Amino acid sequence: MPALAEPLAPRPRDPAQALQPYDPSAGHGPWDARLAAHLLRRALTGPRPGEAPTLAQRTPAQAVDSLFNTENLAREDVWSRAGAALAAAGERPALAAWWLMKLTHEDRATGARLALFWHDHFACAQSKIGDLGFLHRQHETFMALGAGRFLDLLLAVARDPALLRFLDGDGNRRGIPNENLAREVLELFTLGVGHYTEQDIREAARALTGRTVRGRDYRFVEAYHDPSEKRLLGESAPDGDAVCRIAVAQSECPRFLAAKFWSFYVSPEPPEDVIALLAERWRAQELDVRWLLRTLLSSRAFYSAESYRALVKSPVDLVVGTVRALGAKPEFAACARACSEMGQELFEPPGVQGWAGGEAWIHTAAWIARTNFAGSVAEGAESLVRGAALESLFPPRRRAGIGTALEDLAAAFLGGDLPAQRAQALTAALNSTSDPALFRAAAHAVLCSPENHLA
């Protein structure tokens, strides 16, 4: 297998250098199709055929720019109307398939995959809410506000009918406060555990009284609101909006959120010193998410050895990344079923804390489902690879030899990242079998390789 022209550099020890824009001309490291594919995996779930080599012809800065300069509001309006119709039908798997289709066609770092981050952050499940239309509207909020100032998003979500229903916030009344929404605003949405007191929770819950859902819309009912004095984190908090503003103004908020973004986009263990500096700079940008995401995807830390192939792919990333790599036109309902079997049902996270992620994606049952998915793709299951059967992607003369077949398959699915030792072991194993469908066996082996399950 071909190797990088030069090894990836370690993450700079100095936090300021770690956050510098990655620049090969300044000696920061290599830039080629495999690193372009790395950028596309993290920003969009993966490259389409030929996309990474094309992107590698630009500089890293230009490559990142291309992911932030492709806004298409007309197309998003079409997606929105289609999603609203599916939500009205009330079938969660169909709306999950719609989201997977959006991800497959996505070109924007600020689009459907960023919305997936927010869906995990503000986790809500249809099984409790009971109205899929609420979740579709929440998704629209993520798409509209998710790349802007975090405070604007939080203010909107704290009035969101889906979240109010999921956290029983619509039953929070003067004299009988419900603390669920208040606790999650502080613990899961802004500050993290240990940065507030139980008294802060009680005060925030009183401030959030009066928010409810009437029909399909948010309503504030003055008679349900507690007008008495409330103090949160040392400040006056007369209402729910004040709770959001006070929480976001705390120094811990940008640290907590930046670390979560780092774990989603860069590497599983956020370095405290880098996060501290990143949070300080992000605060100066009024917690503008677009700025944060561009900074992460452009940074030397992002292209370091510690970050490359460091994240376990979620089922959604694995399935959509495979579809994009094939250039396939699958039945997205089948893709949604595959994600569900691996443990990720869109619009149905397992609880208020969202999916555990990381290594929690890999357990016995989930791995069986992952290998079954790999087998279905390798065998050319029409529902998954329609229009892109594996054999049609590679010249017959390349498919005839195990060595060349593995090289082409690794290039298509792994960006060339099949270690020589593993390639040798697979070659030996495949050459020793009498299986007449060696190419499909090779594809299954590549799709099951550890590298294919790491982003």
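Our structure is the block above this text.
Residues numbered from 1 in each chain as written. Predicted model: local features only at pLDDT ≥ 70, side-chain atom pairs only at ≥ 80, totals over all residues. Heavy atoms only, no water.

A. Representation of the side chain of Thr104. Structurally, Thr104 can be placed in helix 6 (residues 92-105). Reaching out from Thr104, the side chain makes a polar contact with the backbone oxygen of Leu100 at a distance of 2.9 Å. Beyond its immediate chain neighbours, meaning those up to four positions away, Thr104 contacts Arg48, Val320, Val323, Arg324 and Phe332. (Helix = DSSP H or I, 4+ residues; strand = E, 2+ residues; numbered from the N terminus. Polar contact = N/O pair within 3.5 Å; in protein donor to acceptor, adjacent residues only side chain to side chain. Contact = heavy atoms within 4.5 Å.)

B. Layout of the packing of aromatic side chains. Applying the stated criterion across every chain yields a total of 15 aromatic pairs. With 4.0 Å between their ring centres and 25° between their planes, Phe117 and Phe261 make a pair best called stacked. Residue Phe117 is found in helix 7 (residues 112-121), and its partner Phe261 is found in helix 15 (residues 252-265); the two are separated by 144 residues along the sequence. In terms of burial, Phe117 and Phe261 fall into one category: buried. Ring geometry for Trp118 and Phe261: centres 5.5 Å apart, planes at 80°, overall edge-to-face. Of this pair, Trp118 sits in helix 7 while Phe261 sits in helix 15, placing them 143 residues apart in sequence. For the pair shown, Trp118 and Phe261 are each scored as buried. Counting every residue linked through ring pairs, the aromatic cluster contains Phe117, Trp118, Phe122, Phe142, Phe150, Phe189, Phe261, Phe264, Tyr265 and Trp282. The ring of Phe166 carries Lys128 above its face, with NZ or CZ at 5.7 Å from the centroid. The ring centre of Phe68 lies 5.0 Å from the NZ or CZ of Arg294, which sits over that ring. (Phe/Tyr/Trp six-rings, centres within 6.5 Å; stacked < 30°, edge-to-face > 60°. Buried < 20%, exposed > 50% of the residue type's maximum accessible area, 1.4 Å probe, protein only. Lys NZ or Arg CZ within 6 Å of the ring centre and 35° of its normal.)

C. How the structure looks around the pattern of salt bridges. Under the defined criterion, the tally for this structure stands at 27 salt bridges. The residue Arg137 makes a salt bridge to Asp217 at a minimum N-O spacing of 3.3 Å. Of this pair, Arg137 sits in helix 9 (residues 132-145) while Asp217 sits in strand 2 (residues 217-220), placing them 80 residues apart in sequence. Salt bridges sharing partners connect three or more residues here, namely Arg48, Glu51, Arg75, Asp107 and Arg324. (Salt bridge = Lys/Arg side-chain N within 4 Å of Asp/Glu carboxyl O.)

D. Examining the environment of Trp262 more closely. Mapped onto the secondary structure, Trp262 falls in helix 15. Overall, the relative accessible area of 0% leaves Trp262 in the buried class. Note: C-alpha distance between Trp262 and Phe302 (40 residues apart in sequence) is 9.2 Å. Setting aside residues up to four positions removed in sequence, Trp262 forms contacts with Arg11, Leu19, Ser267, Glu269, Pro270, Pro271, Val274, Ile275, Leu278, Leu296 and Ala301.

E. Quick peek at helix 7. Most of helix 7 sits inside the fold, with ten of its ten residues counted as buried. Inspection of helix 7 places Ala112, Arg113, Leu114, Ala115, Leu116, Phe117, Trp118, His119, Asp120 and His121 among the buried residues, and these make up the whole buried set.

F. Summary view of unusual backbone geometry. Positive phi, normally seen in glycine, also occurs at Glu286, with a value near 60°. Within the secondary structure, Glu286 is located in the loop between helix 16 (272-284) and helix 17 (289-298). At Arg309, a position not held by glycine, the phi torsion is positive, near 50°. For Arg309, the location among the structural elements is in the loop between helix 17 and helix 18 (315-326). Overall, the relative accessible area of 11% leaves Arg309 in the buried class.

G. Structural view of the environment of Ala328. Tracing the backbone through its elements, the reader meets Ala328 in the loop between helix 18 and helix 19 (332-342). The class of Ala328 is buried, set by a relative accessible area of 8%. In this structure, the C-alpha to C-alpha distance between Ala328 and Leu232, residues 96 residues apart in sequence, is 52 Å.

H. Spotlight on the packing of helix 9 against helix 10 (residues 150-157). Two elements in contact, helix 9 and helix 10, have axes separated by 10 Å at closest approach and are oriented at 165°. What the angle tells us is that helix 9 and helix 10 run roughly antiparallel. Here helix 9 runs over helix 10; the crossing is right-handed. Packed against helix 9, whose contacting residues are Thr141, Phe142 and Leu145, the element helix 10 presents Asp152, Leu153, Ala156 and Val157 at the interface. Class assignment for the residues of the contact of helix 9 with helix 10 results in five nonpolar, one polar and one charged. (Axes fitted to C-alpha atoms, helices over the stretch in contact; angles between N-to-C directions. Parallel < 35°, antiparallel > 145°, perpendicular 65-115°, else oblique. Left-handed = near helix turned anticlockwise from the far one by under 90°. Nonpolar A, V, L, I, M, F, W, Y, C, P; charged D, E, K, R; others polar.)

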